There are 12 protein chains.
Amino acid sequence: MGDQKQEGCNMTGHVYKLVELVGSSDKGSDEAVRNAIEKAAQTLHHLDWFEVIETRGQLVNGQIAHWQVTLKVGFRVE
Amino acid sequence: MGDQKQEGCNMTGHVYKLVELVGSSDKGSDEAVRNAIEKAAQTLHHLDWFEVIETRGQLVNGQIAHWQVTLKVGFRVE
Amino acid sequence: MGDQKQEGCNMTGHVYKLVELVGSSDKGSDEAVRNAIEKAAQTLHHLDWFEVIETRGQLVNGQIAHWQVTLKVGFRVE
Amino acid sequence: MGDQKQEGCNMTGHVYKLVELVGSSDKGSDEAVRNAIEKAAQTLHHLDWFEVIETRGQLVNGQIAHWQVTLKVGFRVE
Amino acid sequence: MGDQKQEGCNMTGHVYKLVELVGSSDKGSDEAVRNAIEKAAQTLHHLDWFEVIETRGQLVNGQIAHWQVTLKVGFRVE
Amino acid sequence: MGDQKQEGCNMTGHVYKLVELVGSSDKGSDEAVRNAIEKAAQTLHHLDWFEVIETRGQLVNGQIAHWQVTLKVGFRVE
Amino acid sequence: MGDQKQEGCNMTGHVYKLVELVGSSDKGSDEAVRNAIEKAAQTLHHLDWFEVIETRGQLVNGQIAHWQVTLKVGFRVE
Amino acid sequence: MGDQKQEGCNMTGHVYKLVELVGSSDKGSDEAVRNAIEKAAQTLHHLDWFEVIETRGQLVNGQIAHWQVTLKVGFRVE
Amino acid sequence: MGDQKQEGCNMTGHVYKLVELVGSSDKGSDEAVRNAIEKAAQTLHHLDWFEVIETRGQLVNGQIAHWQVTLKVGFRVE
Amino acid sequence: MGDQKQEGCNMTGHVYKLVELVGSSDKGSDEAVRNAIEKAAQTLHHLDWFEVIETRGQLVNGQIAHWQVTLKVGFRVE
Amino acid sequence: MGDQKQEGCNMTGHVYKLVELVGSSDKGSDEAVRNAIEKAAQTLHHLDWFEVIETRGQLVNGQIAHWQVTLKVGFRVE
Amino acid sequence: MGDQKQEGCNMTGHVYKLVELVGSSDKGSDEAVRNAIEKAAQTLHHLDWFEVIETRGQLVNGQIAHWQVTLKVGFRVE
């Protein structure tokens, strides 16, 4: 599960930072998450996990124009 | 992000109303959202945004029979 | 909607139990839910509904390696 | 449990709406719920389920004058 | 509803205090609320309203021995 | 306090409805609440109380262009 | 109150487990709790306390057909 | 920020108490907070901080008659 | 567990009160809890249980100067 | 309302970041928000929206010395 | 951080279960967690992570008799 | 308490920023907090306070391998 750590993995003393992002997509909610991760990966290294905080969207002419997903992304601080 | 407003857009004094709906689908969670929006658009105008409140589903014979997503839909009151 | 019960359905006195599971998938969030349900159905009978509690994921090399969805599954206790 | 759907029940694509009400009673908390449902049933059809949101009450001369229960009522949109 | 104030009621500048209590009863949850209110009324004046925070209970020999309801009670400060 | 009811006020059996609105203002948060109430009063009678749910705002050129306050408004159902 | 422990009671090192159940009743909310406890007591020993998590119900023909109360039940693990 | 402590400030071992109050005002939400603080200061010493818990209000004739703000006030116990 | 009651314990009708405190310590979080309890015990009798609400702390020169733990303490009202 | 997007606005694929700030003011809560926004605007571009998270304040001599408002500010990541 | 997964770890399709436990200790809060884990490890395999849900305690003679920590423990279902 | 401000402290107009971190330790929960603070202090100045958000841990061979504490750290923005 999302938090387990296999035996043999050494992480004592590691420190992680969380940043909160909003990704958008006109395809769907999962795609909005992927877009945010992709953008984060351009400037941050050691990305480790994400958590979805909120799912919203904009409506235009009675249809979903953009899915907007707020997520937190955790990465190891060196 | 989901709430921004481009410069030049005039919304001072606007009032919006939120209604809470549950959409269902046997396809997936995004489709359940779309079904709720589509139904709302039949009677409400000026739909502006939605927020997902809860995702549930019904199980029949050990499989997902229906995805059921509760959402709030906001629209401008004229 | 997720909670309704058609007339004629007799459930007075029924008791249900909720178990909390985490399903994972490299495809997407809905698939992670389906994987958890499928596993639960192998040992539990009378599965009735599920509720999504949390959506997370693991990142490897700047991409989503696994979607991990925590859900509660309700089933009737005989 | 409250959300299950017996096999054979066809609800794909159904959309439900939730309204938030406050019922009051000088008898007790359950009676306040019943009063709200009774009132809702006078104008809404296809009532399907309710959820208790909050229980409060007014005190007069050191005794409970009114139980006040906030609930959401879900009904199918035709 | 629990919060309304009839026209003509003068409360500007009033200040209220909230105390958190737990009432118990072997009869039921409403009775536990009444017991807490009755006790509070012995030492506090101007009791105005209550809000239920939590409902719990103790089990002995597989049965409910005591219902325990946590509530907040508001009263006017003179 | 917001919930008290003076002795002599008869509300047994009354039922109230809550609607969720978003008011906006370029002045401040309180003004956004007032704008929403003013709009609600044009079509609803017996407005009794409101509760602030969320305070947000839009930024343009590094300044607050609009305060946006989500609130619930309760009114008596006749 | 629900958490006190008389002096002289030895519980150091005890471990308890919580299970989440939903009881139903056509009588009222307290009865739904009692039905869930009664069922739990058939298979679990050392039941110690419960906590109400959620109160819902099903509506049929504009009336409450079933009260459904979700609760957690704690019992000592031997 | 609300929690910082300048170097040199000695507070080890200090204990603080929190009381929950509701202030009201017909002017606005900030004024309701000030009224509650002013009243608390008449009987409590060493008031140190407050936290806003809830903002509500009463409506009369379609206008805000009273803003009612629930807050917690912390003070040092000697 | 925190809520169990041994058979033979008579608590029917008992009423408990909860007070919210903040304890501080330069040693650690548990010590901050103990300091708050110790202070409360100087003026309150029949202390029965506590619940941790929040853990914070003050930083001075990049180190933890004080752990500050907010807790609720319940005691029986005679 | 805070989330709407006029037709013709192109935001697909945009990613936003949220930062959490605390603004302070001796004037009032709205002013504390404005101070935080003003500071943020000195180093961040494309500020789009804010959300109020918490309102607190410091008390000195029984009066409000500083309003302290925690808010999240969203801005577009280029 | 608690959720990361090193590259090369294969967990696709894995399903995890969460159980909720309460550990107690007269030493401190961390020891109560360890006691619950130790007990869980006697009957469950593939324990992977835990999350602290609540920290409480019992007071006897004005001192902490038992720390009681509620936690969820996740383990892989084979 | 965590929020008080001694008289004479001048903080009007100050703005603070909050960052969210996860510290880990194989010793205990307090040590995980200290590790995160120590790391933060290497790059951030004017650290003022922290708040614990979540406590989790990883289990290996039925024992706690790492405590992982998520916290927010506030520091003054110059």
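Our structure is the block above this text.
The present account deals with the structure reproduced in this document. All of these numbers come straight from a predicted model, not from anything done at the bench.

1. Points about the overall build of chain A
The number of helices and strands found in chain A is one helix and three strands. Along its sequence from the N terminus, chain A presents helices and strands in the succession β-α-β-β. Within the span of chain A, comprising 78 residues, buried residues form 63% of the whole. Excluding contacts between residues fewer than 6 apart, the proportion of contacts in chain A whose partners are at least 24 apart in sequence is 61%. Total accessible area computed for chain A in this model is approximately 2900 Å², and 41% of it derives from carbon and sulfur atoms.

2. Digging into the interface of chain B and chain C
With 14 residues of chain B in contact, the opposing surface of chain C contributes 16 residues. Between chain B and chain C the total buried area reaches about 1400 Å² when both faces are included, carbon and sulfur atoms providing 57% of it. Counting the surface chain B buries against chain C, the share from its top three residues, Arg56, Leu59 and Trp67 of chain B, is 43%. Applying the counting rule to chain B against chain C returns one salt bridge. For the pair chain B and chain C, the interface holds six residue pairs in polar contact (both at pLDDT 80 or more). Listed by contribution, the elements that provide at least two residues to the side of chain B that touches chain C are β2 (47-60) and β3 (63-77) of chain B. Residue contributions to the side of chain B that touches chain C peak at five residues, all from β2 of chain B. Taken together, the residues that form the side of chain B that touches chain C break down as four nonpolar, eight polar and two charged. As defined by bridge partners, β2 of chain B adjoins strand β2 (residues 47-60) of chain C across three bridges and the pair is classed as antiparallel. By the bridge assignment, glycine 57 of chain B is partnered in β2 of chain C with phenylalanine 50 of chain C.

3. Let's talk about the interface of chain I and chain H
Tallying the contact residues gives 18 residues for chain I and 17 residues for chain H. Here chain I meets chain H over a buried area of about 1500 Å², counting both sides, of which 52% is carbon and sulfur. At the junction of chain I and chain H, the tally comes to one salt bridge. A salt bridge links glutamate 20 of chain I to lysine 72 of chain H; the nearest nitrogen and oxygen atoms lie 2.8 Å apart. Scanning the region where chain I abuts chain H turns up four residue pairs in polar contact (both at pLDDT 80 or more). Elements supplying a minimum of two residues to the side of chain I that touches chain H: β1 (15-25), α1 (29-43), β2 (47-60) and β3 (63-77) of chain I. The dominant element in the side of chain I that touches chain H, judged by the number of residues it contributes, is β1 of chain I, at six residues. Tallied by class, residues from the side of chain I that touches chain H come to six nonpolar, eight polar and four charged. The sheet contact formed by strand β1 (residues 15-25) of chain H and β1 of chain I spans four bridges and is antiparallel.

4. Here we look at the relation of the copies chain I and chain H
Once chain I has been moved 0.0 Å along the axis and rotated by 120°, it coincides with chain H to within an RMSD of 0.0 Å. A rotation of that kind, with that shift, is consistent with a three-fold axis. In terms of proximity to the rotation axis, the leading residue of chain I is valine 19 of chain I, whose C-alpha is 4.6 Å off the axis.

5. Describing the pattern of salt bridges
All names here are of chain G. Evaluated as defined, the whole model comprises 60 salt bridges over all chains. A salt bridge links lysine 27 to aspartate 26; the shortest N-O distance between them is 3.6 Å. By relative accessible area, which is 59% here, lysine 27 ends up exposed. On the basis of relative accessibility, which here comes to 40%, the residue aspartate 26 falls in the partly exposed class.

Rules used throughout
- Residues numbered from 1 in each chain as written.
- Chains lettered and ligands numbered in written order.
- Predicted model: local features only at pLDDT ≥ 70, side-chain atom pairs only at ≥ 80, totals over all residues.
- Heavy atoms only, no water.
- Helix = DSSP H or I, 4+ residues; strand = E, 2+ residues; numbered from the N terminus.
- Buried < 20%, exposed > 50% of the residue type's maximum accessible area, 1.4 Å probe, protein only.
- Contact = heavy atoms within 4.5 Å.
- Areas by Shrake-Rupley, 256 points an atom, 1.4 Å probe, with all protein chains shown as cover.
- Buried area = accessible area lost by both parts, 1.4 Å probe.
- Salt bridge = Lys/Arg side-chain N within 4 Å of Asp/Glu carboxyl O.
- Polar contact = N/O pair within 3.5 Å; in protein donor to acceptor, adjacent residues only side chain to side chain.
- Nonpolar A, V, L, I, M, F, W, Y, C, P; charged D, E, K, R; others polar.
- Pairing = 2+ DSSP bridges.
- Least-squares fit on C-alpha atoms with pLDDT ≥ 70 in both.

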